[in-house]
Amino acid sequence: MNARGGETFEAARARAEIEALLAGEVPASGPTTDERQKYTGNWLSSRGEGFVIAELWAGEDLHGVHGREWDAAEEQASGHLDALAAELDARWGGHEEVGMAVAVFRATADEPVPPLYTELRRLDAFGDLRVWGPVRAPDGDADRWVGISANQIDGDTAHFLIAVVTDRPIRELEE
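Everything numeric in this text was worked out from a predicted model, so none of it was measured.

Reading the values: rules and limits
- Residues numbered from 1 in each chain as written.
- Predicted model: local features only at pLDDT ≥ 70, side-chain atom pairs only at ≥ 80, totals over all residues.
- Heavy atoms only, no water.
- Helix = DSSP H or I, 4+ residues; strand = E, 2+ residues; numbered from the N terminus.
- Buried < 20%, exposed > 50% of the residue type's maximum accessible area, 1.4 Å probe, protein only.
- Lys, Arg positive; Asp, Glu negative; His and termini not counted.
- Salt bridge = Lys/Arg side-chain N within 4 Å of Asp/Glu carboxyl O.
- Contact = heavy atoms within 4.5 Å.
- Axes fitted to C-alpha atoms, helices over the stretch in contact; angles between N-to-C directions.
- Parallel < 35°, antiparallel > 145°, perpendicular 65-115°, else oblique.
- Left-handed = near helix turned anticlockwise from the far one by under 90°.
- Nonpolar A, V, L, I, M, F, W, Y, C, P; charged D, E, K, R; others polar.
- Pairing = 2+ DSSP bridges.
- Polar contact = N/O pair within 3.5 Å; in protein donor to acceptor, adjacent residues only side chain to side chain.

1. Some words on the side chain of R144
Reasoning step 1: Tracing the sequence through the fold places R144 in strand β6 (residues 143–151).
Reasoning step 2: The side chain of R144 is buried and forms no salt bridge, while D167, the nearest opposite charge, is found at 6.2 Å.
Reasoning step 3: With near-sequence residues (within four places) excluded, R144 lies in contact with L21, L22, G24, V26, W132, G133, P134, V135, V165, T166 and D167.

Here it is as structure tokens:
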């Protein structure tokens, strides 16, 4: 993960990347596949049954970072998420918050979850999603749903933002 580590975050660029995902193909079925950087092997995106997930930004590695510096890194990721959400709210109207607590619980208990949530688990991307939809793909004839979240695998790893584009509604799983 963190193929985008150290890049400067720009909400307008992230919005454009989401719009490109929205205009692209979303597999109707089939296994989940990854796209990785050629030389580093770092994860860039995943495509699976009804979804595409892509990394939009990653912060710096936090190994050995504590206290105020760590808090500042977390605030930076939250600020980037808020800025991007504001861009998307301006484009598509207000978003819905979709909690991931039930998905985390089910995944931990090895209970079945839809493919999107299985992939989010694999990526350790359990941050609550801010979701818009249905929205129309640019020049498309299909409705899609878009979600964004800020995540961190553990206290030493970089915070990262992802985008999710699906051809089906993104809803909080029921207990």
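Let's pick the thread back up.
2. Let's talk about the packing of helix α1 (residues 11–23) against helix α2 (residues 67–92)
Geometry of a packed helix pair, given as the angle between the helix axes and the separation of the axes.
Reasoning step 1: Interaxial distance between α1 and α2 falls to 9 Å at its minimum, and their mutual angle equals 55°. Classified by the angle between their axes, α1 and α2 sit oblique to one another. In this structure, the crossing between α1 and α2 has a hand that is right-handed. Between α1 and α2, the residues in contact are A11, A12, A14, R15, I18, E19 and L22 and A83, L84, E87, L88, R91 and W92, respectively.
Reasoning step 2: Taken together, the residues of the contact of α1 with α2 break down into nine nonpolar, no polar and four charged.

3. Digging into the sheet that holds strand β2 (residues 43–48)
Hydrogen bonds between backbone atoms are what pair the strands of a sheet, whose relative direction is either parallel or antiparallel.
Reasoning step 1: As summarised here, the arrangement of the seven strands in space is β1-β2-β3-β7-β6-β5-β4, forming an open sheet in which the pairing is antiparallel. Unpaired on one side and paired on the other, β1 (33–36) and β4 (96–98) mark the two borders of the sheet. The mean angle between the axes of side-by-side strands here comes to 25°, regardless of whether they run parallel or antiparallel.
Reasoning step 2: Pairing analysis gives seven bridges linking β6 to strand β7 (residues 160–166), with the strands arranged antiparallel. Each residue of the ladder has a partner; that of V146, found in β7, is V165.
Reasoning step 3: Where α1 meets the sheet, it contacts β3 (51–58), β5 (129–136), β6 and β7, and its direction lies at approximately 165° from that of β3.

4. What about the pattern of salt bridges?
Reasoning step 1: The tally for this structure, following the rule as stated, stands at 14 salt bridges.
Reasoning step 2: Residue E19 pairs with R91 through a salt bridge whose shortest N-O separation is 2.4 Å. Note that E19 is positioned in helix α1 and R91 in helix α2, a separation of 72 residues in sequence.
Reasoning step 3: Relative accessible area serves as the criterion here: at 16%, E19 is assigned to the buried category.

5. Side note on the side chain of S46
Reasoning step 1: With respect to the secondary-structure elements, S46 resides in strand β2.
Reasoning step 2: Of note is the side chain of S46, whose polar atom sits 2.9 Å from the side chain of D34.
Reasoning step 3: A distance of 2.8 Å separates the side chain of S46 from the side chain of W43, its partner in a polar contact.
Reasoning step 4: The contacts of S46, once residues within four sequence positions are left out, are T32, T33, D34, F51, V52, I53, E119, R122 and L123.

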